[in-house]
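# Analysis of the macromolecular model
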Amino acid sequence: MKKVATRFAPSPTGPLHIGGVRTALFNWLFSKNQNGSFYLRIEDTDKERSKDEYKDQIIKSLIWIGIENDGDEYIQSTKIQNHIKVAKQLLDKGLAYKCYCSNEEIEEQKKRAKQKKIPYIYDRKWRDKNETDAPKDVKPTIRFKSKIEGTSILKDLVQGKVEIQNNTIEDFIILRNDESPTYNLSASVDDHDMNITHIIRGDDHKINTFKQMQIYQAMNWEVPNFAHIPLIHTSEGKKLSKRDKASTLDDYSKIGILPEALRNYLLRLGWSYKDKEIFSKEESIKYFNFEGIGKSPSKLDFNRILSINEHYIKNIDENDLFSKFQKYAQTYKYKISEDKTNQLKQSLGFLKNKAKTLEDIFKNSQYLLNDTVKINQDDLKLIDEKSKKIIKEFIEKILNLNNFDRSELEPIVKSLISKFDTNFKGVGQPLRIVLTGSRFGPGIYDILTSLGKVQVVERLKNI
RNA sequence: GGUCCCUUCGUCUAUCGGUUAGGACACAUGGUUUUCAUCCAUGAAAGAGGGGUUCGAUUCCCCUAGGGACCGCCA
C-alpha cells in the first residue's frame, strides 16, 4: 500500500475563504487519519493575478486554524519546466498535437456556436492535419488528444460513479502559444510528482477530473483517488466566492471567533459522525471519513458558528482562553496594560459566561479596562436622590471592610434594601450604573470584587 | 443551451426497507437569576411532486419540478 498523501492547492489570486479552508481541512484530516502526509501547493502560475500577499494570507490562515502542511510549500511556478517536458512527451507520443488556430478563429467558432445555441467544442481541426500546412505567422498551442468514442467513469469517493460521454471533453490546450502550461496539465503533473494518492477538492473541479484522468492514462501513470465535495453556499444559495463578506478567516478572527470553534464548525458543515457535534482535534482525525460527507451543498449559518464558539469559550482551559484574549485585544483593539492583566485574569471566569465571542469578553470588561466610566444621559436619570443616598451610605459601610468579598458585601446590600425599603434592583442598579456605565453586565458582586475596594470607592464618590 | 450533480424541520444533519422520522443551532413559552446573559424544562417545526418495485418506502428505480456546478490560451 502506498502511503496516503493529500494536498490543498489554492491559487494565490485572492484571499482564502472558508470554503477553501474546509477543503484544506478535509484533506488534512483524511491524511492524518491514514497516517499520511498533507501538502500545500501554491498554484501561482497565473502571473497576472497571483500575489505574494495572498500566498502569505493563505499560509497564515491555515496556521491560524491549526492545519499544518508536511514539508515546505510546493510552489507550482518553480515546476513549470516539468510540465512543459510532459507536454512535449505527449506530443512525441502522438497523444497531443499542435494547433495553429488563431485566437480570432476560435472566438469566431464560439460565437457561431452561441448563435446556433449548440455547445461549443473545439472542432479538432489540427488533430490529424499535416504540420506542413501550418501557417507561418501563428504560434501553435498544444492540445491534448482527448478520447472521442465511448464513455469514461469516475469512481468518486464522495459522489459515487459518475459517467460521461468522452466526446463532451474537447481537445483541451495543455501548452499555450507562449509555451506556458495550463491548469489541467500542471495539476496532473504535480499531483503525480508529489505522489498524491487522494485528491479532495470542491466539486466545481469534477469535469476537470475527466481531463486529468486522461493525462494520467496517456502518461501511464497511476490514477489517484478523487473525492469531490459539495461546495459551500452563501445564504442566498450561490457558490461562495472571495468577494463575499465574512468569508475569510480574518473576518471571523477579528470578531473573536476561536480557531478551534471555526474548525469544528467547518468540520460539521457537510460532514457528520452520528449525532456528535463537538469534536476535539484528535477526535476529528480519528473519526473523519468519506462516508460522512454529504452530497448536497450546505449553507453558512452564522448563528451556529457563534454557538459553537460560545461552547469553546466556556470549555477550553481558562489560561489558554486568557492568552487568546490577550492576543485578540492586542491585535484588534488595544494592548491590555500590565496592571490590568491580573485583575482581568481573575475576572475571566464570570466574564466568559456572558460571552459568545472574544469581542463580547472585551466589551464586558470595559469597566475594568478603563479607569473612568462614562454614563449616558438616560442611565444618569435613573440615579435619583434616593439612589445617591444609598450609594453614599454604601461607601461608608464598605470603608472598613477587610476582605471585600461577597460574604462581606452581601449583608451590606441586604441591610440597605431593608433600610431604604426597596428591592435588590433599587440598590444594585445604581451601583452598576455608576461603576460600569451600563445597566447590563456581570453580577453586581462580581463587579464589586473584581474592581476592588479602592476603585469602587473612587468611582462611587464622584456621583 | 449542453454536460454533470443535488433535494429530510428556517439552518447543519441522523436514518443505510419496518422509527411516535432523532439530534444540534435558531425560534417560542415557562422556571432559576438583582440587570443582560448563562443554565434547566417544555413546545412548534421536515422527507419537493407524481409514478413504480415491495407485504411495507424518507430509504431502491423512473419522470417532473426546483436548486447548483462546469462549459477559458483562469486556477
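Reference entry: report on the structure contained in this document. This one's a predicted model, so the numbers in the text were calculated from it and none came from an experiment.

When its secondary structure is counted, chain A shows 19 helices and 12 strands. For 463 residues, the compact-globule formula gives about 23 Å, and the C-alpha radius of gyration of chain A, at 32 Å, lies well above that figure. On the principal axes, the C-alpha backbone points of chain A span a range of 105 × 45 × 40 Å. Burial status across chain A gives 49% buried among its 463 residues. Expressed as a percentage of contacts within chain A between residues at least 6 apart in sequence, the contacts between residues at least 24 apart total 75%. Here chain A displays about 23,900 Å² of accessible surface, and carbon together with sulfur accounts for 47% of that area. Each charge class in chain A was averaged separately, 79 positive and 66 negative side chains, and the resulting centres sit 3 Å apart.

So, on to the protein's contact with RNA strand B. Lining the immediate surroundings of RNA strand B are 60 residues, of which R176, K238, K239, R304 and K354 lie closest. When the atoms of RNA strand B within 4 Å of the protein are grouped by moiety, sugar and phosphate amount to 67% of the total. Interatomic distance of 2.7 Å between a side-chain N/O atom of D46 and a sugar or linking oxygen of RNA strand B. Mapped onto the surface near RNA strand B, the elements with two or more residues apiece are helix 4 (103-115), strand 7 (160-165), helix 6 (206-218), strand 12 (298-299), helix 10 (302-315) and helix 18 (424-436). Broken down by element, the surface near RNA strand B gets its largest block of residues, five residues, from helix 10.

This paragraph deals with the sheet that holds strand 5 (residues 141-144). Strand order in the open sheet made by the three strands is 4-5-8, with antiparallel pairing throughout. Unpaired on one side and paired on the other, strand 4 (96-99) and strand 8 (173-175) mark the two borders of the sheet. The average undirected angle you get between the axes of adjacent strands in this sheet is 45°. Both strand 4 and strand 5 contribute to a ladder of four bridges, which runs antiparallel.

What follows covers helix 18. Helix length check: helix 18, at 13 residues, gives a terminal C-alpha distance of 17 Å against a target of 18 Å (1.5 Å per residue), a fit within 8%. The buried fraction of helix 18 amounts to 10 of the 13 residues, a majority that puts the element mostly inside the structure. All of the buried residues along helix 18 are G426, V427, G428, P430, L431, R432, I433, V434, L435 and T436. Residues of helix 18 that are buried make contact with helix 14 (366-369), helix 15 (377-381), helix 16 (385-399), helix 17 (406-419) and helix 19 (444-460). Downstream of helix 18 by one or two residues, G437 has phi in the positive range, about 80°.

Let's shift gears to unusual backbone geometry. Phi is positive for N220, which is not a glycine, with a value near 60°. For N220, the location among the structural elements is in the loop between helix 6 and strand 10 (225-229). Owing to a relative accessible area of 68%, N220 belongs among the exposed residues under this scheme. The phi dihedral of D421 falls on the positive side, at around 50°, and the residue is not glycine. Mapped onto the elements, D421 comes out in the loop between helix 17 and helix 18.

For the rest of this paragraph, the subject is helix 12 (residues 338-351). Here helix 12 spans 19 Å end to end across 14 residues, near enough to the 20 Å set by a 1.5 Å rise per residue. The sharpest bend along helix 12 comes to roughly 35°, located at K345. Along helix 12, the positions that sit buried rather than exposed are K340, T341, Q343, L344, S347, L348, F350 and L351. Taken together, the buried residues of helix 12 touch helix 11 (318-332), helix 13 (358-364), helix 14 and helix 19.

Structurally, E260 is set in helix 8 (residues 259-268). Overall, E260 belongs to the buried group, its relative accessible area being 18%. Excluding residues within four positions of it along the chain, E260 makes contact with Y312 and K324.

Once that is clear, we can look at the side chain of D44. With respect to the helices, strands and loops of the structure, D44 is situated in the loop between strand 2 (37-42) and helix 2 (52-65). No salt bridge is formed by the buried D44. Its closest oppositely charged neighbour is K55, at 6.5 Å. Apart from residues no more than four positions distant in its own chain, D44 is found in contact with P12, S50, I75, Q76 and S77.

Applying the stated criterion across every chain yields a total of 14 aromatic pairs. Summarising the aromatic geometry, the rings of Y216 and W221 are spaced 6.0 Å apart at their centres and angled 75° between planes, so their arrangement reads as edge-to-face. Considered together, Y216 and W221 belong to a single accessibility category, that of buried residues. These aromatic residues form a ring-pair network of at least three members: F26, F30, W271, Y273, F279, Y287, F288 and F290. Sitting over the face of the ring of Y122, R143 holds its NZ or CZ atom 3.6 Å from the ring centroid. Note that K276 overlies the ring of F279, its terminal NZ or CZ placed 5.1 Å from the centroid.

Contact geometry for helix 16 and helix 18: axes closest at 10 Å, N-to-C directions at 80°. With respect to helix 18, the element helix 16 is oriented roughly perpendicular. Facing helix 16, whose interface residues are S387, I390, I391 and F394, helix 18 presents G426, V427, P430, L431 and V434. When grouped by side-chain class, the residues that make up the contact of helix 16 with helix 18 number seven nonpolar, two polar and no charged.

The next subject is the pattern of salt bridges. Applying the stated criterion across every chain yields a total of 27 salt bridges. For the salt bridge of E105 with K125, the shortest nitrogen-to-oxygen distance reads 2.4 Å. Residue E105 is found in helix 4, and its partner K125 is found in the loop between helix 4 and strand 5; the two are separated by 20 residues along the sequence. Its relative accessible area of 25% is what places E105 among the partly exposed residues.

Criteria and thresholds
- Residues numbered from 1 in each chain as written.
- Chains lettered and ligands numbered in written order.
- Predicted model: local features only at pLDDT ≥ 70, side-chain atom pairs only at ≥ 80, totals over all residues.
- Heavy atoms only, no water.
- Helix = DSSP H or I, 4+ residues; strand = E, 2+ residues; numbered from the N terminus.
- Rg over C-alpha atoms; globule rule 2.2 N^0.38 Å.
- Buried < 20%, exposed > 50% of the residue type's maximum accessible area, 1.4 Å probe, protein only.
- Contact = heavy atoms within 4.5 Å.
- Areas by Shrake-Rupley, 256 points an atom, 1.4 Å probe, with all protein chains shown as cover.
- Lys, Arg positive; Asp, Glu negative; His and termini not counted.
- Charge placed at Lys NZ, Arg CZ, Asp CG, Glu CD.
- Near = heavy atom within 4 Å.
- Polar contact = N/O pair within 3.5 Å; in protein donor to acceptor, adjacent residues only side chain to side chain.
- Pairing = 2+ DSSP bridges.
- Axes fitted to C-alpha atoms, helices over the stretch in contact; angles between N-to-C directions.
- Expected span 1.5 Å × (residues − 1).
- Bend = angle between axes of the 7 residues up to and from the residue.
- Salt bridge = Lys/Arg side-chain N within 4 Å of Asp/Glu carboxyl O.
- Phe/Tyr/Trp six-rings, centres within 6.5 Å; stacked < 30°, edge-to-face > 60°.
- Lys NZ or Arg CZ within 6 Å of the ring centre and 35° of its normal.
- Parallel < 35°, antiparallel > 145°, perpendicular 65-115°, else oblique.
- Nonpolar A, V, L, I, M, F, W, Y, C, P; charged D, E, K, R; others polar.

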